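# Close look at the chain arrangement
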There are 2 protein chains.
Amino acid sequence: MSLQQLSSQKVFGGQHVRYQHQSQALNCSMQFAVYLPPQVELGQPLPVLYWLSGLTCTDENFMQKAGALKMAAELGLIIVAPDTSPRGADVPDDAEGAWDFGLGAGFYINATQAPWSTHYKMYDYVVHELPALIEKHLPVSDKRSISGHSMGGHGALIAALREPERYQSVSAFAPITQPSQCPWGEKAFSNYLGTQRETWMEWDASALMAQATQHLPMLIDQGEADSFLVEQLKPAALEVAAEQAKYPLTLRLQPGYDHSYYFIASFIDEHLRFHAQALSA
Amino acid sequence: MSLQQLSSQKVFGGQHVRYQHQSQALNCSMQFAVYLPPQVELGQPLPVLYWLSGLTCTDENFMQKAGALKMAAELGLIIVAPDTSPRGADVPDDAEGAWDFGLGAGFYINATQAPWSTHYKMYDYVVHELPALIEKHLPVSDKRSISGHSMGGHGALIAALREPERYQSVSAFAPITQPSQCPWGEKAFSNYLGTQRETWMEWDASALMAQATQHLPMLIDQGEADSFLVEQLKPAALEVAAEQAKYPLTLRLQPGYDHSYYFIASFIDEHLRFHAQALSA
């Protein structure tokens, strides 16, 4: 559980720090990024928001493009941004190098099928191993929230629905809400989990939602001009399940916004305030 | 003077639009980006901030990484971000493909030496041709300000010092303040302008500053942990010249900040407010 600091940059009075460590869950070396707001220097442990990025991203995209750090500095919120898959020459990738499976596309689940199951345990990594590492080495409280974009929105939703006791709140931007019923999810799940579709349901937000008994504050923003909305994202499936489970979901359709970081930037401050309120409750 | 729209994305209620056009000054096809804040829909012409990026950048870096668009939307400020050099297969580049000269490194001056002088007229482009195009096609007023980073900070300073009547205010992040006396500038100027150093002085901010008679509000932020500070940027040279010319320069040294977009993001809102005040005066 040792941690090597790769770089540190001052931002809004705090620090953007990149770390490297050997992951036991993923069986490889991993990098992640942390934003430590200026309040860290006051010595009080601070709450943490875990951010899960989408397909093709690394730990860098959110920190560079979301425009989140000003508000994080104002709210005294630590943000942790992990990578989106195991990494390294030993880690198997999509046979044709596709961007929607394999490296950069771990889908935040635990693979059960060879050759993926040796490394692709992203759920264990982002929900358990990484928080344990953060809580050992950084000045954080035990209050956690989770958010993400697209594939990472799916990751945030399944983490909060599977282990709600670990989080104070959950949000997502344009999440894949029903991976068992969309092309991205079907490709990933059939490889990582095998072709028995009933095993997919424990990693499908809409299926998990239908059976949820413990509720968290949940906020989802979805752009109406998002080119992946109809085929891949399908927020209506989650909404129907939430109604069934009487889950307090706030799903907002945002006219004119697409799937990009420009969409995320436009609403990230509201998400950070939403999480800060739950984390301080 | 026709303009082809490449893409449009909604951001903070406004639009990030990328355009392509044939530049006469540069003798090639160019792309640039514009942020149109939501106030555009009210029908009043809005003032424009021109942003000049640094070495290796395109029109995309500032829009994606500076976190500027929320404040631009609040202030009703249009931002125009051009590319950093002429582009295309016909445009000569550094013989060894170096990142500090040639493509991505036009230095915002008008080259006089072959083979550069056929395309590298970036001063004419960003100070004259591009504003004329913007003012013909977009809902802008005739009020302009200019800002930039590193090589682009140099560009903003020489534009404001050479043609102050065209701008209401100027600012810069970590600008190259004395290109005639630093390795980046000496390499670029000796190629673009030739080896007669006296011809360099009309493109050197510190030399221009010493003779400036018409003054604009000028704000410069420089990170003290910037690895290029001592060898390349040298703000003291500009400060001495400003004192000599009694030019009202506000130069702020920011402890702990480096040369990256994290530094720019930390202070861009203050720069936008500074320009908005001058533009509305």
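Going along each chain's sequence as written, the residues are numbered from 1 onward. For this description, chains carry letters from A and ligands carry numbers from 1, given in the order in which they are written. Totals for whole chains, interfaces and linings use all residues, but because this is a predicted model, local features are given only for residues with pLDDT of at least 70 and pairs of side-chain atoms are given and counted only at 80 or more. Computation of side-chain values covers all heavy atoms of the structure but excludes hydrogens and water.

Moving on, we get to the overall build of chain A. Along chain A, the regular secondary structure elements total 9 helices and 9 strands. C-alpha atoms define the radius of gyration in this analysis, and the globule rule sets the expected value at 2.2 Å times the number of residues to the power 0.38. Against the compact-globule benchmark of 19 Å for 281 residues, chain A has a radius of gyration of 17 Å, which places it among compact chains. Principal axes of the C-alpha set define a box for chain A whose edges measure 50 × 40 × 35 Å. Here, residues are in contact when the closest pair of their heavy atoms is within 4.5 Å. The contacts of chain A with a sequence gap of at least 6 include a subset with a gap of at least 24, amounting to 72%. Looking at chain A as shown, the accessible area adds up to about 10400 Å², and 48% of this sits on carbon and sulfur atoms. Charged side chains in chain A number 17 positive and 29 negative. The centres of these two groups are separated by 5 Å. In this text, helices come from DSSP runs of H or I with a minimum length of four residues, and strands from runs of E with a minimum of two, each type numbered from the N-terminal end. Where accessible areas are quoted, they stem from the Shrake-Rupley method and a 1.4 Å probe; at the residue level, only the protein chains shown are allowed to cover. Note that His is not counted, nor are the chain ends; the positive residues are Lys and Arg, and the negative ones are Asp and Glu. Where a charge sits is defined by one atom per residue type, namely NZ (Lys), CZ (Arg), CG (Asp) or CD (Glu).

Moving on to the pattern of salt bridges. A carboxyl oxygen of Asp or Glu within 4 Å of a side-chain nitrogen of Lys or Arg is what we treat as a salt bridge. Applying the stated rule across the entire model yields 24 salt bridges over all chains. Residues Glu74 of chain B and Arg273 of chain B are paired through a salt bridge, measuring 3.6 Å at the closest nitrogen-oxygen approach. Of the two residues, Glu74 of chain B sits in helix H2 (residues 69-75) while Arg273 of chain B sits in helix H9 (residues 261-279), which places them 199 residues apart along the sequence. On the basis of relative accessibility, which here comes to 52%, the residue Glu74 of chain B falls in the exposed class. What emerges from the salt-bridge pattern is a single network uniting Arg18, Asp59 and Glu60 of chain A. To sort residues, take the accessible area from a 1.4 Å probe on protein chains only and compare it with the maximum for the residue type: under 20% means buried, over 50% means exposed, and anything in between is partly exposed.

Right, let's talk about the side chain of Ser23 of chain A for a bit. Residues and elements named next belong to chain A. For Ser23, the location among the structural elements is in strand E2 (residues 14-23). In the analysis that follows, any N or O atom pair within 3.5 Å is treated as a polar contact, provided that within protein one partner can donate a hydrogen and the other can accept it, and provided that, for residues neighboring in sequence, both atoms belong to side chains. Among the polar contacts made by the side chain of Ser23, one reaches the side chain of Glu129 at a distance of 2.6 Å. Sequence-distant contacts of Ser23, defined by excluding residues within four places in its chain, comprise Cys28, Met30, Tyr125 and Glu129.

Moving on, we get to the sheet that holds strand E9 (residues 249-254) of chain A. In a beta sheet, neighbouring strands pair by backbone hydrogen bonds and run either parallel or antiparallel. Residues and elements named next belong to chain A. Pairing between strands requires that DSSP locate at least two bridges from one strand to the other. Pairing in this open sheet of 9 strands is mixed, and the strands run E1-E2-E3-E5-E4-E6-E7-E8-E9 from one edge to the other. For this open sheet the edge positions go to strand E1 (4-11) and E9, each flanked by a neighbour on one side alone. Taking the axes of each pair of neighbouring strands and ignoring which way they run, one obtains an average angle of 20 degrees across the sheet. Sheet topology places strand E4 (residues 46-52) next to strand E6 (residues 140-149); 6 bridges connect them, and they run parallel. Each bridged residue has a counterpart across the sheet, and for Leu46 the counterpart in E6 is Val140. Here an axis means a line fitted to C-alpha atoms, over the contact stretch when the element is a helix, while the angle between two N-to-C directions is reported on a 0 to 180 degree scale. Of the strands in this sheet, E4, E6, strand E7 (170-173) and strand E8 (218-223) touch helix H4 (residues 151-162), which is tilted by about 135 degrees from E6. The sheet contacts of helix H8 (residues 235-245) involve E8 and E9, and relative to E9 the element is tilted by about 155 degrees.

The subject of this paragraph is the interface of chain A and chain B. Listed per partner, the contact involves 20 residues of chain A and 20 residues of chain B. Accessible area that two parts lose when put together, evaluated with a 1.4 Å probe and summed over both, is termed the buried area. Of the roughly 1900 Å² buried where chain A meets chain B, counting both sides, 49% is carbon and sulfur surface. The largest contributions to the chain A side of the interface with chain B come from Lys10, Gln64 and Tyr262 of chain A, which together make up 38% of the buried area. Taken together, the connections running from chain A to chain B amount to 2 salt bridges.

What follows concerns the packing of aromatic side chains. Residue and element names in this part refer to chain B. Aromatic rings from Phe, Tyr and Trp, with only the six-membered ring used for Trp, were paired whenever their centres fell within 6.5 Å, and each pair was classed as stacked if the ring planes differed by under 30 degrees, edge-to-face if by over 60, and tilted otherwise. Going through the model one piece at a time under the given rule, you end up with 34 aromatic pairs over all chains. Geometrically, the ring pair formed by Trp184 and Phe228 is tilted, given 4.7 Å between the ring centres and 45 degrees between the ring planes. Placement of the pair is Trp184 in helix H5 (residues 183-192) and Phe228 in the loop between strand E8 (218-223) and helix H7 (229-233), with a sequence separation of 44 residues. The ring of Tyr123 has Arg162 sitting right over it, with the charged end atom 4.5 Å from the ring centre. The ring of Trp203 is capped by Arg162, whose NZ or CZ atom sits 3.8 Å from the centre of that ring. Counted as over-ring charges are cases with an Arg CZ or a Lys NZ within 6 Å of the ring centre that also lie within 35 degrees of the ring normal.

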